[in-house]
Amino acid sequence: GCRMWTLAWLGITSLCLGSDWAAPAKEERNKAEKPKADLALYENLDLDNYDLTLDNYGEILDLSNYEELYDYSDHSDLAPKIEVGTLAPPRPKDPTALPNQGATAETPKLQPLTISSPVHPAPIPAQALPSCLLCLCIGTSVYCDDANLEHIPPLPPETTYLYARFNRIGTIRTRDFMGLKKLKRIDLTSNFISWADVDAFRLLPSLQELILPENRLTALPELPRSIIRLDARLNRIPSTGLQPEAFRELKQLQFLHLSDNQLDYIPAPLPESLRSLHLQNNNIQTMHEDTFCDSQDHSQIRRALEDIRLDGNPINLSLFPNAYFCLPRLPTGRF
């Protein structure tokens, strides 16, 4: 009887001690498992699907610098980074790489892409698509760069900026920009443009910048009086392709860049507002005393015109010293 009592007492004691020792071990195990659970929680977060909305979009990307931010060396990653419902990105080669339709549809004011199935219907001709499906529309800016266009697409009436660079556009018609009263900038760099109607741009009351380099123009259409910058470098424009006194009445024109064309003379008279005149790599051989300055007014000072480039022309500028007396700086070229 005494032995049984002793054994019972030893059993109760060991049970109590065992539970006390087990508690710390269990706590340590729970502490070790909790960070693992938290880590798993963060690992499962799908941060790649973070959806930009139009409310926070401007805070993340300054759209006013689109031209500088756009990287033409690689178009494949543009669509995934900028998820805007009005964007029709280049169709991915892998059908599984199509954008997330659900995330796009939840953003207000956005139009989901119409083609979302890997089994595509018969292709729609590019020119038949609305411009904001064919191009990227953000606010009143339309970006149609490298979209294989052959004509200017129909543009929303509120369009302010148009970028349609690196396409196959061959002609510009008056109807292409008809009624676009708010259009300020047209950039058609590197197309196949060989002809523009004489009134294609003249009737645009707000146009400030017309960018046409790297085309095939042989004549320059009339320009609106609102124009500030004309860039028609790297075309095929001879002097006969300019309207008589084409720039005289353009009182706001500051930048006139016509380098790498076939001009035979400087297109004077030039407006007093002009700041930069680039005519390098043409066929200019001579100039008049009144090209830049008024030969009858020797007190004239033309302060604005500080940048004149005539290098790459068969003209010896030292033969015309009386043409520069009013300028703050001599032209660049052969003296």
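Since the structure is predicted, the reported quantities are computational estimates derived from the model, not experimental observations. (Residues numbered from 1 in each chain as written. Predicted model: local features only at pLDDT ≥ 70, side-chain atom pairs only at ≥ 80, totals over all residues. Heavy atoms only, no water.)

Undergrad: Can you break down the overall build of the protein chain residue by residue, with the values?
TA: Each helix and strand counted, the protein chain has six helices and 11 strands in total. Across the 335 residues that make up the protein chain, the buried fraction comes to 36%. (Helix = DSSP H or I, 4+ residues; strand = E, 2+ residues; numbered from the N terminus. Buried < 20%, exposed > 50% of the residue type's maximum accessible area, 1.4 Å probe, protein only.)

Undergrad: I'd like to hear about the state of the cysteines, residue by residue, with values.
TA: On inspection of all chains with the given rule, the structure shows three disulfides. Here Cys132 is linked by a disulfide to Cys137, with a sulfur-sulfur distance of 2.0 Å. Between Cys132 and Cys137, the S-S torsion sits near -95 degrees, and that sign places the bridge as left-handed. Here Cys132 matches Cys137 in class, with each residue buried. Across a sulfur-sulfur distance of 2.0 Å, Cys293 and Cys326 are joined as a disulfide pair. Given an S-S torsion of about -85 degrees, the disulfide between Cys293 and Cys326 has left-handed geometry. You can see Cys293 sitting in the loop between β10 (276–278) and β11 (307–309) and its partner Cys326 sitting in the segment after β11, a full 33 residues away along the chain. Sequence-ordered numbering of the disulfide-bonded cysteines in the protein chain gives the connectivity 1-3, 2-4, 5-6. (Disulfide = S-S within 2.5 Å.)

Undergrad: Go over a negative patch on the surface with me, naming the residues and quoting the values.
TA: Judged by side-chain charge, Glu289, Asp290, Asp294 and Asp297 come together as a negatively charged surface patch. Among the structural elements, Glu289 can be located in the loop between β10 and β11. Its relative accessible area of 43% is what places Glu289 among the partly exposed residues. (Patch = residues over 30% accessible without salt bridge, like charges linked within 9 Å, V, L, I, M, F, W, Y side chains within 5 Å. Areas by Shrake-Rupley, 256 points an atom, 1.4 Å probe, with all protein chains shown as cover. Salt bridge = Lys/Arg side-chain N within 4 Å of Asp/Glu carboxyl O. Lys, Arg positive; Asp, Glu negative; His and termini not counted. Charge placed at Lys NZ, Arg CZ, Asp CG, Glu CD.)

Undergrad: Lay out the UniProt feature "domain: LRRNT" (unreviewed entry) in the protein chain in plain terms, naming residues and giving numbers.
TA: In the numbering adopted here, UniProt assigns the feature "domain: LRRNT" (unreviewed entry) to residues 131–161. Summarising residues 131–161: 13% helix, 23% strand, and an end-to-end C-alpha distance of 13 Å. (UniProt positions renumbered as here; feature names shortened; annotations may be inferred.)

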